[in-house]
Amino acid sequence: DGILAPLLEHVGGALEGLALSGNRLITDHTLRLLASRTARLARLYIDRCPGLTDAGLCAALFSLSTLQVLDASHNTALTDSTATAILQGRQRLLELDLRGCPLS
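What comes next concerns the included structure. Since the structure is predicted, the reported quantities are computational estimates derived from the model, not experimental observations.

1. Some words on the overall build of the protein chain
Regarding its fold elements, the protein chain presents four helices and four strands. Counting from the amino terminus, helix and strand elements in the protein chain follow one another as α-β-α-β-α-β-α-β. For 104 residues, the compact-globule formula gives about 13 Å, and the C-alpha radius of gyration of the protein chain, at 12 Å, lands near that figure. With 104 residues in all, the protein chain has 40% of them scored as buried. Nonlocal contacts in the protein chain, meaning residues at least 24 apart in sequence, comprise 79% of its contacts between residues at least 6 apart. Seen as two clouds, the 9 positive and the 10 negative side-chain charges of the protein chain have centres 4 Å apart.

Pasting the structure below:
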């Protein structure tokens, strides 16, 4: 979160895509921060980020209404709660990747 917060403060309003794939430092707090500062985010790649859980992604999805592409694959802490949040969300997702997540 250290460098990401000032970066998002600087470019967050204009940011349309962000790739954080494989980053072990990304947490639920990071996602909440991201969601609060990126009003135009359309593409988010957060695959293989072991610090993410349902709670963080579900909270972020509530705010990320412009999201069209989400890759949250291979995050073993994401479950059916995330899938339900996606189904109930305001996003108009064109691409979704949840491979490797323990969904039933």
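2. A word on the pattern of salt bridges
This model, assessed by the stated rule, comprises two salt bridges. Of the charged contacts in the structure, one is a salt bridge between Arg40 and Glu16, with a shortest N-O distance of 2.4 Å. Taken as a pair, Arg40 in the loop between α2 (28–37) and β2 (43–45) and Glu16 in the loop between α1 (4–11) and β1 (17–19) lie far apart in primary sequence, 24 residues in all. Judged by relative accessible area, which is 34%, Glu16 ranks as partly exposed.

3. Considerations on the nonpolar core
Counting residues in each nonpolar core, the largest one holds 27 residues, and the members touching the most others are Leu31, Leu41, Leu44, Ile46 and Leu70. At four residues, α2 tops the list of elements feeding residues into this core. Apart from the residues lying within four places of it in its own chain, the contact partners of Ile46 are Leu20, Leu31, Leu52, Leu57, Leu70, Asp71, Ala72 and Asn75.

4. Description of the side chain of Thr38
Locating Thr38 in the fold gives a position in the loop between α2 and β2. A polar contact is formed between the side chain of Thr38 and the backbone oxygen of Leu34, at a distance of 2.6 Å.

5. Regarding the side chain of Gln91
As for its position among the elements, Gln91 is in the loop between α4 (80–88) and β4 (95–97). Within the structure, Gln91 has its side chain in polar contact with the backbone oxygen of Leu61 (distance 2.4 Å). For Gln91, the side chain forms a polar contact with the main-chain oxygen of Leu64, separated by 3.1 Å.

Rules used in this analysis
Residues numbered from 1 in each chain as written. Predicted model: local features only at pLDDT ≥ 70, side-chain atom pairs only at ≥ 80, totals over all residues. Heavy atoms only, no water. Helix = DSSP H or I, 4+ residues; strand = E, 2+ residues; numbered from the N terminus. Rg over C-alpha atoms; globule rule 2.2 N^0.38 Å. Buried < 20%, exposed > 50% of the residue type's maximum accessible area, 1.4 Å probe, protein only. Contact = heavy atoms within 4.5 Å. Lys, Arg positive; Asp, Glu negative; His and termini not counted. Charge placed at Lys NZ, Arg CZ, Asp CG, Glu CD. Salt bridge = Lys/Arg side-chain N within 4 Å of Asp/Glu carboxyl O. Core = buried A, V, L, I, M, F, W, Y, C linked by side-chain atoms within 4.5 Å. Polar contact = N/O pair within 3.5 Å; in protein donor to acceptor, adjacent residues only side chain to side chain.

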